[in-house]
Amino acid sequence: MTVVDESAETRHSDDADVDDATVLDVRGLRMRYGSTDVLGGIDFRARRGEVLALLGPNGAGKTTTIEILEGFRMRSAGEVRVLGVDPARGNEAWRARLGIVLQSWRDHGKWRVRELLAHLGRYYARYSTKDVQRPWDVDELIATVGLTPHASKKVSQLSGGQRRRLDVAVGIVGRPDLLFLDEPTAGFDPEARREFHDLVHRLADDETTILLTTHDLDEAEKLANRILILAGGTIIANGSPDELARRTSADAEIKWSQDGQRFVHSTPDATGFVRELLQQHDVTDLEVRRASLEDAYMALVHGVESGRADAVRQFEVVTR
Amino acid sequence: MTPTLAAIRSGIARGGIELKQTFTTPQDLWNLIFPNAILLTVMIFMRGATVPGTTFSLGSRTVPSVMGMGILFTGLVSLMMGLAIEREDGTLLRAKAVPNGMLGYLVGKITLVAGMSVVGLAIGLIPGLILFDGLATGGLSSWVTLAWVLVLGLLATMPLGAIFGSLFSNPRNVGIIMLPVMGLIASSGIFYPITNFPHWLQWVAQSFPVYWMGLGMRSALLPDALASVEIGHSWRHLETVGVLGAWAVVGLVVAPIVLRRMARRESGSSVAARREKAMQRAT
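Reading the values: the criteria
- Residues numbered from 1 in each chain as written.
- Chains lettered and ligands numbered in written order.
- Predicted model: local features only at pLDDT ≥ 70, side-chain atom pairs only at ≥ 80, totals over all residues.
- Helix = DSSP H or I, 4+ residues; strand = E, 2+ residues; numbered from the N terminus.
- Buried ≥ 20, exposed ≤ 12 C-beta atoms within 10 Å, placed from the backbone.
- Contact = placed C-beta atoms within 7 Å.
- pLDDT = per-residue confidence, 0-100.
- Core = buried A, V, L, I, M, F, W, Y, C linked by C-beta atoms within 7 Å.
- Pairing = 2+ DSSP bridges.
- Axes fitted to C-alpha atoms, helices over the stretch in contact; angles between N-to-C directions.
- Parallel < 35°, antiparallel > 145°, perpendicular 65-115°, else oblique.
- Left-handed = near helix turned anticlockwise from the far one by under 90°.
- Nonpolar A, V, L, I, M, F, W, Y, C, P; charged D, E, K, R; others polar.

**Structural notes on the overall build of chain A**
Stage number 1. The number of helices and strands found in chain A is 11 helices and 12 strands.
Stage number 2. With 320 residues in all, chain A has 42% of them scored as buried.
Stage number 3. The long-range fraction of contacts in chain A, counting pairs at least 24 apart against all pairs at least 6 apart in sequence, stands at 68%.

What follows is the structure in structure tokens.
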């Protein structure tokens, strides 16, 4: 039985920084429907164990991007390598290394949770490697996503949140090297969301590379090592949550009280300003607020949507 | 064991699980038994009448014919409905996301439909044997004929079910197919011999599989003397194999092409779009 034949996979070798640890390599990816460009040439990479969040307003091309990487959609142009393979030509051994969390609706309603996971796991058994034992042990997996009390329930009897956990379990049953999560926590209550975040961290610790899309900036900030912001079919920002917040808005806002009065001041050099302030005045209620990721995101997306291309270029962050 | 073989085995297991689910879900059981109960009632009322030109009960003649029709219903209609519904609800997309999952899914569906056909035949045959006289089930040849007509009938109808199920993106439109199917059944000699029908209608009936599945089942379960009221005064096994075989070959060539084309188009957003549409209809 052959597993993945490493030598058969085509890799680019034109670039020194593309190596074995490069899981995603996207260059000049374009998608055109009729005369509209949904994706206008996007570039990004992901290394093993990295958690990437794809952010962007509706219609920005997030889902299209993910579906191209999953091999579910053909691209119009560009070079794409997912686990070293062109997803348009990925075989079943390649597919076995991917995990896809789909939004379930009412499929497999008559199946019992344990039965479904055990069945889907069977397909991965042929694709174990010396490093990765596939599939995930069913009971362990059920415990990992917190469905143990519901293991023998029919899928149709699960609550919305429980179904989403099952979706995640189905996505990771094959112990994927690369996991795609398209808006994973839509419909989660805060507790389920917290547990899901813990699960993502655990998967990332096991060297699983994760690409997720979300609308929730707070979530992206908590989970992702790197955030890509997609708007108008291009990546307008690419960097760690911190970097993005810093680069988009250099100014910090400082508030304080002095002689019973409230003051507000914006400055790029918050530390220097505060030092001086404290030396010279009798200040109380000091408060320093850095621009949040949300401010950054709003500024970026607003810039694109109002067509100010120059404004965007100014914000552009290039980090590798 | 190759991954393909493993997927086929997983598919058979999948079919087994779904078959078990069918028998433990009251709604599914009702769907299986109810049409048979109606047909049985109709046939009981036909018991008094005789097949024209003979003294043989028309009700008894109808028992095997209806079993032939049953193959059409499970092979074509249930596969078609199953595929259309499971495409809409994302079952197929799940299969696509799993290595060799589409193969497993398809083998599972075939196993399920074949299993349901066998059960369907039994549901028709057992009360038929109890309530009707004159069915010849004594010899081994009856069972052999029944078996090959079933297998060939499924091979002729399942690919058609797969093709139609792939062409309709909305399961509620599948009903369009049901009208011609009903018309075909009415003209295929299931409930009444077609020897008195206009010639052109006889030819139409004989070019489709239903007529031959009914004839094949009659040849398995009726006394040989009854062949005299069929077209050509014979059970025409050779022609049965020929016509059903031709449908099977055409279906097995076309179905994979249509299925592949359909599967290629499945993605998260296409399922989401259908879900949205279905939700709008619901409100």
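**Brief notes about unusual backbone geometry**
Residue and element names in this part refer to chain A.
Stage number 1. Here R134 and P135 are connected by a cis peptide whose omega angle stands at -10°.
Stage number 2. Within the element layout of this structure, P135 appears in the loop between α3 (113-122) and α4 (138-144).
Stage number 3. Backbone geometry at L83 places phi at a positive 50°, although glycine is not the residue there.
Stage number 4. By secondary structure assignment, the location of L83 is in the loop between β4 (77-82) and α2 (92-95).

**Here's the deal with the environment of A:E79**
Residue and element names in this part refer to chain A.
Stage number 1. With respect to the helices, strands and loops of the structure, E79 is situated in strand β4.
Stage number 2. Given 13 C-beta atoms within a 10 Å radius, E79 is considered partly exposed.
Stage number 3. Separated by 53 residues in sequence, E79 and V132 have C-alpha atoms that sit 28 Å apart.
Stage number 4. When neighbours within four sequence positions are excluded, E79 is seen to be in contact with R27 and G28.

**A few points about the confidence of the model for chain B**
All names here are of chain B.
Stage number 1. Per-residue confidence for chain B gives a mean pLDDT of 90, with 99% of residues at or over 70.
Stage number 2. The least confident element of chain B, judged by mean pLDDT, is helix α11 (residues 268-282) at 80; the most confident is helix α9 (residues 209-221) at 95.
Stage number 3. Both scores are available for the predicted complex, with the pTM at 0.85 and the ipTM at 0.88.

**Notes on the nonpolar core**
All names here are of chain A.
Stage number 1. With 87 residues, the main nonpolar core has L117, A169 and I229 as its most contacted residues.
Stage number 2. In terms of residue count, helix α10 (residues 293-305) provides more of this core than any other element does, 6 residues in total.
Stage number 3. In this view, L117 contacts V138, L141, I142, A169, V170 and V173; residues no more than four positions away in its chain are not counted.

**Considering the sheet that holds strand β11 (residues 261-267) of chain A**
Strands in a sheet are paired, the pairing made by backbone hydrogen bonds, and the direction either parallel or antiparallel.
Residue and element names in this part refer to chain A.
Stage number 1. Across the sheet, which stays open at both edges, the 3 strands sit in the order β11-β10-β12 with antiparallel pairing between neighbours. What marks the edges here is a single partner per strand, and that holds for β11 and β12 (284-289). Within this sheet the neighbouring strands show an average axis-to-axis angle of 15°, counted without direction.
Stage number 2. Here strand β10 (residues 252-258) pairs with β12 via 4 bridges, running antiparallel. Considered in β12, the bridge of I254 is made with V288.
Stage number 3. Seen against the sheet, helix α9 (residues 270-280) touches β10, β11 and β12 and runs at an angle of roughly 10° to β10.

**Re the packing of helix α1 (residues 3-24) of chain B against helix α5 (residues 101-131) of chain B**
Each pair of packed helices can be summarised by the angle the axes make with each other and by the distance between the axes.
Residues and elements named next belong to chain B.
Stage number 1. The N-to-C vectors of α1 and α5 enclose an angle of 40°; their axes lie 7 Å apart at closest approach. By the angle between their axes, α1 is oblique relative to α5. Every pair of crossing elements has a handedness; the one defined by α1 and α5 is right-handed. On α5, the residues touching T4, A7, I8, S10, G11, I12, R14, G15, G16, E18, L19 and T22 of α1 are L103, G104, Y105, L106, V107, G108, I110, T111, L112, G115 and M116.
Stage number 2. Each residue belonging to the contact of α1 with α5 can be placed in one class, and the counts come to 11 nonpolar, 10 polar and 2 charged.

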